[in-house]
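Coordinates in review
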Amino acid sequence: MHQSQDPTTPGLPAPAAPHRLPAPSGGAVVPRNGGAAVDGPAGGEAPAGTVTAGTAVDGPAPGGEATAVGRLAGTVERLRLELDRAQAHSAGRAVVEMGVGVLVERLRCGPTEAAGQLESLAEQAGVTPLALAADLVNQAAADQISALAREFVAGAAVPPEGTPAAPPDGPPAAVPDGPVPEPVAVRLRSTEADALAGGDAAAAARAMLEHALLPLGVAAVAVWAAHPDLSLSLAGSAGFHPEEARRWRHVPPGVPTPARRALDERAAVGYPTLAEASLPSIGQHEIRGGRLAVPAGKGGRLIGVLELCWHEALPEQSQPLQRQFEALAEVAAATLESASVRAEAAPEAADPPFEELRQLTDGLLDPCMILRVAPDADDVPPPFVIRHVNPAFVDFAGRPTGLIAGARLLEAYPLAAEPGGLAEKVEHVLATGEPFRTPALRLAALVDGVPLVTSAQVSISRHGGHLAVVWRLEDGAPRVARLLQHAQRLGRIGGFEEDLRSRRIAWNDTLFELHGLPPTASPIALDQLADHAHPDDRQAIGRFLRTLLHHHRPASTAFRLQRPDGVTRHIRVVAEPVPEPGSGLRTVRGAYQDISAQHWTEVALAATRDQLAQSEQQSAERSRLALQLQHAIMPPARGPLDLPDLRVGVRYRPAEKGHLVGGDWYDALPLPSGDVLLCVGDVAGHGIEAATGMVALRNALRGLAATGAGPAQLLGWLNSVTHHLTDNVTATAVCGLYRPGERRLRWARAGHPPPVLLRGNRATTLPLLGGILLGAVDQADYEEGEIVLERGDTLVMYTDGLIERRDESLQASLAGLLSLAEQARGAAPAGANGLEDHLDHLLRYSSADTDDDTCLVGISVR
């Protein structure tokens, strides 16, 4: 509002500009939501042919019946308008009284004088007393509504584009035709006054909808009260059907409603449409548009939620609009707080008979609950409330007692309403006063939607207005219920039961989760299952239904469930018919199981098998290539090689596993210098890499040997080649140069086992010369040895596959080789085949156990 001072009343703000509705010709001016009506000639009743509150009442129509209907419609409309004026006047009167109170404090005068000043100031400013009173209250208050009023004034300081301006000295500009909306502050103050006058959340909800929310397009409003156990109760509502409000009077803990989300996030949450949010809430079937839940709190403590509902999509939440909703949430919080204070200030009256009965039942060793008829209940039969349970009470469905005490009997045990059930016995005892006792009564409950039935000894007795129900359960019933719940949770199994005649379907909570449906949705019938499955699986579902419903035999099938949220789950359904004698099939029960994890495991396993088969094929191909390369260099079957003064025999034994093609190699080659190159090597690893490394080293050594350098120098060069020109290859080797005529052998080793010399019947190893394996470092020096051989000597070069054992040291393995070589020398026959037989004996009786390939070269001096 404008803040200029009135000259006649210091300290008071100048009233805002007037907001009037144009009067129809010859009719009455009808203010909106407050203000007095300026009656026309008919004293407030519009004559025929005029427009009143948006409803046309035409003149006389042809035909007496049409005229009577028109008069009746006009009378009904007039009465409705008078009721609206009365309600608006009541709320406006409270705001005016608050404004008078502000003037009493500021002017220090009496109430009568303050009321006169308010009327006078409003007349001078050309505004209604209600608008001026709201302006006064907003200036004096420091709350959300006053802040919104200041924002409204700031926004109104600049007239909208196209608004006619009043000339300086002429009459005011014409007001545009049509209803002019009240200022935000007036509507909110009227809401606050009406809510406080009503005294409860229901009145507050009606006031908010009528005064503040209907102009914003809101269709209904709900005020929720939050409780320490995380449950919600509907404290008040407006715009919903009364039956819908009764159904939603209590929301248990854990139900994901918009109000619960707002409390969890401690902030306002909005949804474009309730259907898209897939959240249950009040009015979900009638008002399916936008939803906004605003937390309501006092002093930093959240005590409830204000939920607003639209028929259309949720409007864009501008900052001024959000501030209005926050101000209304403050009003809701104040109403909830006052109701809580009244409840604490007026505790339930003392009930000595109940206290006596409670103390008596608390001393019983058997489970007992005390029932009473629900207060203010007019239903027949009357509903019973579980007022108290004793310390020994055990719920046979396995639920905690906190969920039982305070609930209605049929809410806690809905199956008690079956014929001859617990509810019928309780009603009989209440009506007749006759105690009821039975050694076996069928008790039933729903555990996650699955019926759980047990038998118990039951005693029911009436004590004044209360009933004591004592039962003794069969052992194991609560434990079985808990086991059932955990088994269903762990197995992702949900049970169902469908009555084929009444079309009633019972699902447990797991099934709603598996199908991606909210707990309040309607279960899916078996004959509609194909509509929710993948098109390729509908034939399988058809066979399942024919077996189950037509042939009356148990059946099962697996299918892909297409959920409303777009997720596809793999489900197995199993069901059995439950025939009734003489009436055929009536009930089907069964279970759904989510087998998505198993399906995807099988898919991954199949893919792994395919990859493994492909890998095995590639590995076999690589092994085949490596073996071909190895055979090209070292044929597996090769006769003795005659060289000057020497006969050379070779044996190669591959590894037992065919794919482990090794890198063992040898060479015996006459050189241009007349010397003979004798060498054996072993490249680390197996496969194509080892085979190609073997070829590279063998060919490199051949080329280096043509230079005439000695064995130590050749290994030094070969080490550099291995380090720089190969890809992470390491190898061991022994290299010798034999000079015919002199029978002199110069040799060196690079990390390789030393050769064995057989002279006569004695076997010895050549000295263990120093030398690191090939490729480990860039530069390496190797020690060179020399020996003069004699006619008849045999020199054996070999790779570690001939002697290596997992349980012996290298020295022990060498000692075993020397002993075996001496035995072979004695067993080998004389003649040309003696060298070949000697090598065969060494391979046959070798004690190696590492499954490594072996290369063996025997050199006989002639």
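Parameters at a glance
- Per chain, residue numbering runs from 1 following the sequence as it is written.
- Whole-chain, interface and lining totals are the exception, using all residues; otherwise, since this is a predicted model, local features are given only for residues with pLDDT of at least 70 and side-chain atom pairs are given and counted only at 80 or more.
- Hydrogens are left out, water is left out, and the side-chain values use all remaining heavy atoms of the structure.
- Comment: elements are numbered from the N terminus, with helices defined as DSSP H or I runs of at least four residues and strands as E runs of at least two.
- Relative accessibility decides the category of a residue: with a 1.4 Å probe and only protein chains considered, values under 20% of the type maximum give buried, values over 50% give exposed, and everything between is partly exposed.
- Here, residues are in contact when the closest pair of their heavy atoms is within 4.5 Å.
- All accessible areas in this document rest on Shrake-Rupley with a 1.4 Å probe, and a residue is counted as covered only by the protein chains that are shown.
- In short, DSSP must find at least two bridges between two strands for them to pair.
- Note on geometry: axes are C-alpha line fits, over the in-contact stretch for helices, and angles between N-to-C directions span 0 to 180 degrees.
- Here, nonpolar core means buried Ala, Val, Leu, Ile, Met, Phe, Trp, Tyr and Cys residues that are tied together by side-chain atoms lying within 4.5 Å of each other.
- Note on aromatic contacts: the rings of Phe and Tyr and the six-membered ring of Trp form a pair at centre separations within 6.5 Å, being stacked when their planes are under 30 degrees apart, edge-to-face when over 60 apart, and tilted otherwise.
- The rule for a charge over a ring is simple: NZ of Lys or CZ of Arg within 6 Å of the ring centre, and within 35 degrees of the ring normal.
- Salt bridge, as applied in this entry: a Lys or Arg side-chain nitrogen positioned within 4 Å of an Asp or Glu carboxyl oxygen.
- A helix is expected to span 1.5 Å for every residue after the first.
- Every patch collects residues that have over 30% relative accessible area and no salt bridge, joining them within 9 Å if they carry like charges and within 5 Å if they are nonpolar side chains (Val, Leu, Ile, Met, Phe, Trp, Tyr).

The next point concerns the overall build of the protein chain. Scanning the protein chain from terminus to terminus reveals 21 helices and 29 strands. Buried residues in the protein chain amount to 43% of all 862 residues. Here the analysis covers contacts within the protein chain between residues at least 6 apart in sequence; of these, 60% occur between residues at least 24 apart. For the protein chain, the computed accessible surface area is about 43400 Å², with 54% contributed by carbon and sulfur atoms.

So, on to the sheet that holds strand 3 (residues 218–226). On the basis of which strands lie adjacent, the open sheet formed by six strands has the order 5-4-3-8-7-6 and antiparallel pairing. In the strand order of this sheet, the two ends are held by strand 5 (250–251) and strand 6 (269–271), each with one partner. The sheet contact formed by strand 3 and strand 8 (residues 301–310) spans seven bridges and is antiparallel. Residue pairing in the sheet places Val-218 in a bridge with Trp-310 of strand 8. Relative to strand 8, helix 8 (residues 258–265) is tilted by about 140°, and along the sheet it contacts strand 3, strand 4 (232–238), strand 6, strand 7 (291–298) and strand 8.

By size, the foremost hydrophobic cluster in this structure holds 29 residues, and its most contacted members are Met-369, Leu-371, Ile-386, Tyr-413, Leu-422 and Trp-471. Those elements that provide at least two residues to this core are strand 9 (368–373), strand 10 (384–389), helix 12 (409–412), helix 13 (422–432), strand 11 (436–447), strand 12 (450–463) and strand 13 (466–473). Beyond its immediate chain neighbours, meaning those up to four positions away, Tyr-413 contacts Ile-386, Phe-393, Asp-395, Phe-396, Arg-399, Ile-404, Ala-444, Ala-445 and Trp-471. Grouped together as the second largest cluster of nonpolar side chains are 28 residues, Leu-677, Leu-697, Ala-700 and Leu-715 included.

Below, the discussion takes up the packing of aromatic side chains. Each pair of aromatic rings is reported with the distance of its centres and the angle of its planes. Summed over all chains, the structure comprises six aromatic pairs. Seen from their ring centres, Phe-393 and Trp-471 are 5.6 Å apart, and the 35° between their planes marks the pair as tilted. Taken together, the residues Phe-393 in the loop between strand 10 and helix 12 and Trp-471 in strand 13 connect sequence positions 78 residues apart. On the numbers, 5.9 Å between centres and 90° between planes, the contact of Tyr-413 with Trp-471 is edge-to-face. Linking Tyr-413 in the loop between helix 12 and helix 13 with Trp-471 in strand 13, this pair joins segments that are 58 residues apart in sequence. Like Tyr-413, the residue Trp-471 is buried in the burial classification. The aromatic ring of Phe-354 is capped on one face by Arg-387, whose charged end is 3.7 Å from the ring centroid.

Attention now moves to the pattern of salt bridges. Across all of its chains, the model carries 33 salt bridges by this definition. The closest approach of N and O atoms between Asp-366 and Arg-472, which form a salt bridge, is 2.7 Å. Of the two residues, Asp-366 is situated in the loop between helix 11 (352–362) and strand 9 and Arg-472 in strand 13; the sequence distance between them amounts to 106 residues. Judged by its relative accessible area of 22%, Asp-366 is partly exposed. Residues joined in a network through salt bridges with shared partners are Arg-492, Glu-513, Arg-569 and Asp-594.

One non-glycine residue, Arg-503, lies in the positive phi region at around 65°. Within the secondary structure layout, Arg-503 lies in the loop between strand 14 (493–499) and strand 15 (505–507). Arg-503 sits in the partly exposed class, given a relative accessible area of 40%. For Arg-743, which is not glycine, the phi torsion reads 50° and is therefore positive. Examined against the element boundaries, Arg-743 turns out to sit in the loop between strand 23 (731–739) and strand 24 (744–750).

Turning our attention to the sheet that holds strand 23. What holds strands together in a sheet is hydrogen bonding between their backbones, with the strands either parallel or antiparallel. The sheet built from five strands is open, its strands ordered 21-22-23-24-27 with antiparallel pairing. Edge positions in the sheet fall to strand 21 (662–670) and strand 27 (784–788), since each has one partner strand and no second. If you compare each strand with its neighbour and ignore which way they point, the axes differ by 15° on average. For strand 24 and strand 27, the ladder comprises five bridges, and the chain directions are antiparallel. Counterpart to Arg-744 in the pairing with strand 27 is Val-788. Each of strand 23, strand 24 and strand 27 is contacted by helix 19 (residues 711–725), which is oriented at about 30° to strand 24, the strand it contacts most.

What follows concerns the environment of Arg-504. Turning to its location among the elements, Arg-504 is positioned in the loop between strand 14 and strand 15. For Arg-504, a relative accessible area of 60% corresponds to the exposed category. Each C-alpha atom of the pair Arg-504 and Thr-587 lies 9.7 Å from the other, and the pair is 83 residues apart in sequence. Those residues in contact with Arg-504 that sit more than four places away from it in its chain are Glu-497, Glu-498 and Asp-499.

Once that is clear, we can look at helix 6 (residues 201–213). Its 13 residues give helix 6 an end-to-end C-alpha distance of only 16 Å, which falls more than 12% under 18 Å, the value for a rise of 1.5 Å per residue. Across the 13 residues that make up helix 6, a large majority, 10, are buried.

Taken together, Ile-772, Leu-773 and Val-777 make up a surface patch of nonpolar side chains, about 200 Å² in accessible area. Relative to the helices and strands, Leu-773 is located in the loop between strand 26 (762–765) and strand 27.

Quick look at the pairing of strand 7 now. The side chains of a regular strand alternate, residue by residue, between the two faces of the sheet. Across the eight residues that make up strand 7, a large majority, six, are buried. Taken together, the three bridges between strand 6 and strand 7 define a ladder with antiparallel strand orientation. Paired with Val-269 across the two strands is Ala-293, which belongs to strand 7. Two strands pair when backbone bridges link them, and strand 7 and strand 8 are joined in this way by eight bridges, in the antiparallel orientation. Each bridged residue has a counterpart across the sheet, and for Val-294 the counterpart in strand 8 is Leu-306.

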